Amino acid sequence: MRTLCSSTLIGEVLLIMFAGLVATRLTDVSGATVWTVSAVAMVLCVLLCGMITRPGAVAVGWGLQIGLIASGFLLPTMFGLGLVFAGLWWCSVHYGRKIDEIKAAREAQSAQPAVVA
């Protein structure tokens, strides 16, 4: 799960940066506001990458996704970006947990002593 979630967050950082570049040209919002919102979101994504294995990190990730969607009221490009990455975050968490469960079951099975007949 750590790998999937971190990959999603790093992709999110890159797309937020590109969305900031687009938003400075296409919106009436000041460039300072665009880059402040973008910088805060990018820093949170990077920090969350380092904390993904800690308790509550998934909930913080959801908060980040909801925050990006909400920032769409200031920057419309962030609304669509937030929706896309909320879906990717869900996939990363859901399938990451499934992969971790399968991996743990395989490790538990291989750790059992072999029965000699």
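Everything below is about the structure printed above this text.
Since the structure is predicted, the reported quantities are computational estimates derived from the model, not experimental observations.

The rules behind these values
- Residues numbered from 1 in each chain as written.
- Predicted model: local features only at pLDDT ≥ 70, side-chain atom pairs only at ≥ 80, totals over all residues.
- Heavy atoms only, no water.
- Helix = DSSP H or I, 4+ residues; strand = E, 2+ residues; numbered from the N terminus.
- Buried < 20%, exposed > 50% of the residue type's maximum accessible area, 1.4 Å probe, protein only.
- Polar contact = N/O pair within 3.5 Å; in protein donor to acceptor, adjacent residues only side chain to side chain.
- Contact = heavy atoms within 4.5 Å.
- Patch = residues over 30% accessible without salt bridge, like charges linked within 9 Å, V, L, I, M, F, W, Y side chains within 5 Å.
- Areas by Shrake-Rupley, 256 points an atom, 1.4 Å probe, with all protein chains shown as cover.
- Salt bridge = Lys/Arg side-chain N within 4 Å of Asp/Glu carboxyl O.
- Axes fitted to C-alpha atoms, helices over the stretch in contact; angles between N-to-C directions.
- Parallel < 35°, antiparallel > 145°, perpendicular 65-115°, else oblique.
- Left-handed = near helix turned anticlockwise from the far one by under 90°.
- Nonpolar A, V, L, I, M, F, W, Y, C, P; charged D, E, K, R; others polar.
- Expected span 1.5 Å × (residues − 1).
- Arc of directions from axis to C-beta.

(A) Representation of the side chain of serine 92. The topology assignment puts serine 92 in helix α4 (residues 76-111). For serine 92, a relative accessible area of 6% corresponds to the buried category. Looking at serine 92, its side chain comes within polar contact range of the main-chain oxygen of leucine 4, at 3.4 Å. When near neighbours in sequence (up to four residues on either side) are disregarded, serine 92 contacts Met1, Leu4, Cys5 and Thr8.

(B) Highlighting a nonpolar patch on the surface. Taken together, the side chains of Ile10, Leu14, Leu15, Met17, Phe18, Leu21, Trp35 and Val46 present a nonpolar region at the surface, about 690 Å² in accessible area. Residue assignment for the nonpolar patch shows that the elements contributing at least two residues are α1 (2-26) and α2 (31-50). Top contributing element to the nonpolar patch by residue count: α1, with six residues. Here tryptophan 35 shows up in helix α2.

(C) Local environment of the packing of helix α3 (residues 57-70) against α4. With their axes 7 Å apart at the nearest point, α3 and α4 run at an angle of 160° to one another. Compared by their axis directions, α3 and α4 come out roughly antiparallel. Note that α3 runs across α4; the crossing there is left-handed. Taken together, the residues of α4 that come into contact with α3 (itself represented by Ala57, Val58, Gly61, Trp62, Gln65, Leu68 and Ile69) are Met78, Phe79, Gly82, Leu83, Phe85, Ala86, Trp89, Trp90, Val93 and Arg97. Classifying every residue of the contact of α3 with α4 gives 13 nonpolar, three polar and one charged.

(D) View of α2. For α2, with 20 residues, the first-to-last C-alpha span of 29 Å sits near the 28 Å given by 1.5 Å per residue. For α2, every residue scored as buried is listed here: Val34, Ser38, Ala41, Met42, Cys45, Leu48 and Cys49. The arc that holds every buried residue of α2, seen down its axis, measures 125°, which confines them to one face. Residues of α2 that are exposed and point over 90 degrees away from its buried face: Ala32 and Gly50. Here the buried face of α2 lies against α1, α3 and α4.

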